[in-house]
Amino acid sequence: MSTTERAAAGTADYLDQRTGLGKAVKEFARKTFPDHWSFLLGEVALYSFVILILSGFFLTMFFVPSMALIEHHGAPATMDGVLMSEAFSSTLHMSFDVRGGLLMRQIHHWAALLFMAAIVTHMMRVFFTGAFRKPRELNWLVGIGLLITGLGAGFTGYSLPDDVLSGNGLRITDGVIKSIPIIGSYMSYFVFGGEFPGEDIIPRLFTLHILVVPAIILAMIGLHLMMVVLHKHTQYPGGGRTDKNVVGFPLFPVYVAKAGGFFFVVFGVLALMGGTMAINNVWNYGPYDPSPVSAGAQPDWYMLFLEGSLRLMPGVTEYMIGDYTLSLNVLVPAVIIPGILFTFLIVYPFVEARVTKDKREHHVLDRPRNVPVRTGLGVAFLTAFIILALAGSNDLIATHFSLSINEITWVFRILLFVGPWFAFWVTKRICLGLQRKDRELVLHGHETGRIVRFANGEYIEVHRPLDEQERWLRVAYDAPTPLELEPQTDARGVPRKGYKKERRWARLSRFFYEDRIEPVTPSELAAAHAHGSHDELEGAKAPELHAGDTTHEGDR
Amino acid sequence: MNDNQHSTELGDAQNRDVDRFDDPGLPEHRHRRADSDPAADKRAERQVVVLFLISIIGTVASIVAYFVFRPDGTTDGVRISTLTLGLGMAFALLGIGLAAVHWAKTLMNDTEVTEERHEQRTPDAEREIAVQKLSDGAADSGIARRGVLKGAALSALAIFPLTIAVPLVSSVGGDWNVSKFRHTRWDKGTRLAIDPTGRPIKAADVTIGSVFHVIPDATEEERESHAWITEKAKAVVLVVRLDPRDLKEAEDRKDWSYDGIVAYSKICTHVGCPVALYEQQTHHLLCPCHQSTFDIADGAKVVFGPAKRPLPQLPIAVDDEGYLVAKSDFHEPVGPSYWERLK
């Protein structure tokens, strides 16, 4: 035993006698995780958060969360002698006088943008592969919680420097709060400690931004990861990968090196961005003043959908109820539309489980094509989100492409209603097409480009059958059938309770699973081969089955 | 691994359709070159070492940059300092990261292992024990028998947060006097002054087509107080002079303008951005935040966008010395709508 080994053994023994650490090491040291690039998206989110904490700690050393007015002295020259809040002055100070201060500010801002981007793409991966299914529904909800608090973290941080842009962002927030019926003006006082902007909002946002919100995020990340360990990670379909096992590499040493190294990669990329790409040069905007505003100002990307939503809503929707004002022109885009989007995300896993009558645990992921309606709905959702985000940049689109802003706004208003339907339809068709292609491949093999002439003069192309791994990937899925509806009356002719509710669910189930492509069965494959090599040219049609017609082709 | 392949068929036979393909089991493992070729193994090791060295050079470079590029208060100076510090840091971090990942991918064992999963659900026998423990505990507490106690405990727990909430809520909204929304700093006789210098404006200064960003005339001391920002947030006004022939005025507002000069609140009636973009030819005023467009020639009515109401008009006149003055405060609350706006 070398000295190092002796020291390690000694330390381990010391700790184990006091904590029973050995049990945890035995349990977790060689825990298996499957490998796939898309599993890194969640890691990017986690690491961005760690980097946010590190760079944020640096910034808090120099930031003064106060709205007290002072005359700024020092760099930059354009701001020397200007009256401004201590918050803005300290932001200038940390950018110009603290070495590495601007670097940390820019890393912090880029990390925030990456954090949200990673959360969103990670959610897309989870959604499209069905990783939210049992037993992971609760973890999906925790993820949505993280998305929402992430938005909160971004919003509270963006407003801290007290420059013209952040002040106008707060002013828009104030306008939105005031539109809330009955309690709106009191809510505005609640937030601002009086009239906008007052003297309280920045210290309040500061406390939320550096204490409350990160604490909530940290707690939820803990819960999120704990459940990942509890459930063990999902895996993509493939030979030997089932709902009863997990195939991958051990935590120690492979993932310690890979995931640990990946943290440094993410941090390195953010350092590169912070060092080379300027972001939020607040000294160009100046301290907050309620009068000026700059054209072409955009919020951070994750807020663009709200901004776009506000821009698209026509003003005529503000109504009077007696003497009271109901500002639906603000309430609908700022509260109801995001409410609808988040509600969809929250209820989706439960709705899908209900219409599938699915109570099993799922650990093997779906290929998105094999669940066409889910994939279509996901793409429709993203389409709506992207249209709103683009609408949030309608002024930039207008100036860059010399278009009329009024026309662009009208186009987006219409697209918001038409686009998601179209995206759903197209995506579903593409999925069904890909599934048919899979069937054809399984039944007839790869085209080889080799043409053979028979003695009787007939030409055929030789097809190479799939190997069993290729085939397994294309046949190992379930194509659920729509729920069967029990008759309205029972055997004695008495109307059943809850029939109408059941009928609604059955209808929804039909929407999900009416159009479906069954996986190839061994007998179908045998039949295809029995027909002889000629058939391989004809490109057999995949049977598209309909509700009630559940017999497999091969069973007949 | 081989055992696994065969056990799939046995284990899943009951709950699987008969006519389904069988899981072929894990694909054959393909070894890397470094697994069999010592030269490739050595090469990969060297690459990892070089990456770690790059990281060390990056850290050193970053420290050098710290001393060499001192921020000199100019934006260029800050930029070069930020750039060099950032590049050094990026190399230091990427070196470590890529080295570790490369190490794992080329040198560590890449044979996949299989771990069994177990259902999340607790087995029935254990569940029964858990339920038994809970019911034992509940029985010990006697909660089911002692209704009054339960009620008292729940009530105490439910209301104790009030001890924190009441003092907090009473102060968190300042004086809670939301009627302040109705009044601004404007009053009868307040001169219109240029924003931000505070110089009062004479009617003669306002030529046709020109536009002035206006604040109420106030002492320098007041303008440098914090309260001023909150006042200014409501009081900013835009003054424009139109050809009186272009101006459409409501009957009851004929005397709110002066010789084609009109003054409108600069706070958007949508969500409160400053409406700052004036287009001289069309007399349109555009809010750069959400593109609500107001027609200054026609009572600042909305012609496009998400706002509903016209911008409130400030009635103006001219005093003895020729300065523009307000005739009164605004006749309605400025800025975004709220529930009791018209009460």
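Quantities reported herein were computed from a predicted structural model and do not represent experimental measurements.

The rules behind each value
- Residues numbered from 1 in each chain as written.
- Chains lettered and ligands numbered in written order.
- Predicted model: local features only at pLDDT ≥ 70, side-chain atom pairs only at ≥ 80, totals over all residues.
- pLDDT = per-residue confidence, 0-100.
- Contact = placed C-beta atoms within 7 Å.
- Nonpolar A, V, L, I, M, F, W, Y, C, P; charged D, E, K, R; others polar.
- Pairing = 2+ DSSP bridges.
- Helix = DSSP H or I, 4+ residues; strand = E, 2+ residues; numbered from the N terminus.
- Axes fitted to C-alpha atoms, helices over the stretch in contact; angles between N-to-C directions.
- Buried ≥ 20, exposed ≤ 12 C-beta atoms within 10 Å, placed from the backbone.
- Core = buried A, V, L, I, M, F, W, Y, C linked by C-beta atoms within 7 Å.
- Domains from an automatic or database assignment.
- Expected span 1.5 Å × (residues − 1).
- Arc of directions from axis to C-beta.
- Parallel < 35°, antiparallel > 145°, perpendicular 65-115°, else oblique.
- Left-handed = near helix turned anticlockwise from the far one by under 90°.

Novice: Break down the confidence of the model for chain A for me, citing the residues and quoting the values.
Specialist: Taken over all residues, the pLDDT of chain A has a mean of 92, while the share at 70 or more is 95%. Segment residues 534–556 of chain A: pLDDT under 50, and 36 contacts once partners within four positions in sequence are set aside and those in other chains are kept.

Novice: Describe the interface of chain A and chain B, naming the residues involved and giving the relevant values.
Specialist: Contacts between chain A and chain B engage 101 residues on the former and 86 residues on the latter. In the side of chain A that touches chain B, the residues fall into 46 nonpolar, 37 polar and 18 charged. Note: strand β4 (residues 245–250) of chain A against strand β1 (residues 113–116) of chain B, 4 bridges, orientation antiparallel. Within β1(B), the residue paired with A:Val247 across the bridge is B:Thr114.

Novice: Describe the sheet that holds strand β4 (residues 237–241) of chain B, listing the residues and the values that go with them.
Specialist: Residues and elements named next belong to chain B. Read from one edge to the other, the open sheet built from 4 strands follows the order β2-β3-β4-β5, with strand pairing classed as antiparallel. Edge positions in the sheet fall to β2 (192–194) and β5 (261–265), since each of these pairs with one other strand and no more. Strand-to-strand twist in this sheet, taken as the mean axis angle between neighbours without regard to direction, amounts to 40 degrees.

Novice: So what about the pairing of β4(A)? Which residues, and what values?
Specialist: When a strand is regular, its side chains alternate between the sheet's two faces. Residues and elements named next belong to chain A. For β4, the buried fraction is high: 5 of the 6 residues fall into the buried class. Strand direction decides the pairing type here: strand β1 (residues 32–33) and β4, joined by 2 bridges, are antiparallel. Note on β4: the bridge partner recorded for Thr-32 is Pro-250.

Novice: Tell me about the environment of A:Leu113, and please be specific about residues and values.
Specialist: All names here are of chain A. Note on placement: Leu-113 falls in helix α5 (residues 101–128). Here the alpha-carbon distance between Leu-113 and Asp-300, two residues 187 residues apart in the chain, equals 7.3 Å. Ignoring sequence-local partners within four residues, the contact set of Leu-113 consists of Asp-300 and Trp-301.

Novice: Which residues make up the pairing of β5(B), and what values do they have?
Specialist: With 5 of 5 residues buried, β5(B) lies mostly within the body of the structure. Burial of β5(B) is two-sided: the residues B:Ile261, B:Ala263 and B:Ser265 facing one way and the residues B:Val262 and B:Tyr264 facing the other way are all buried.

Novice: Before we move on, could you go through the sheet that holds β1(B) and cite the residues and values that matter?
Specialist: In space, the 3 strands of this open sheet follow the order β1(A)-β4(A)-β1(B), with antiparallel pairing throughout. Where the open sheet ends on each side, the last strands, each with one partner, are β1 of chain A together with β1 of chain B.

Novice: Mind laying out the nonpolar core, listing which residues take part and the relevant values?
Specialist: Within soluble globular proteins, side chains that are nonpolar generally end up buried alongside one another. Among the nonpolar cores identified, the biggest contains 158 residues, and A:Phe115 and B:Leu192 are the most heavily contacted of them. A per-element tally of this core places α5(A) first, with 16 residues. When we break this core down by domain, the ones giving at least three residues each are domain 1 (2–106) and domain 3 (182–326) of chain B. For A:Phe115, the residues in contact, after removing those within four places along its chain, are A:Ala45, A:Ser48, A:Phe49, A:Leu52 and A:Gly150. Membership of the second largest hydrophobic core comes to 7 residues, among which are A:Val442, A:Leu443, A:Leu466 and A:Ala476.

Novice: Tell me about helix α18 (residues 499–513) of chain A, residues and numbers included.
Specialist: Residues and elements named next belong to chain A. Counted at 1.5 Å a residue, the expected span for α18 with its 15 residues is 21 Å, and the 20 Å between its end C-alpha atoms agrees. Turning to α18, its buried residues are Ser-509, Phe-512 and Tyr-513. One face of α18 carries all of its buried residues, which in axial projection span an arc of 70 degrees. Away from its buried face, by an angle of more than 90 degrees, α18 presents the exposed residues Lys-500 and Arg-504. Contacts from the buried residues of α18 go to α13 (328–356), α14 (372–391) and β9 (516–517).

Novice: Explain the packing of helix α3 (residues 40–60) of chain A against α5(A) to me, and be specific about the residues and the numbers.
Specialist: Two packed helices can be described by the angle between their axes and the distance between those axes. All names here are of chain A. With their axes 8 Å apart at the nearest point, α3 and α5 run at an angle of 160 degrees to one another. Judged by the angle between their axes, α3 and α5 are roughly antiparallel. In this structure, α3 meets α5 at a crossing whose hand is left-handed.

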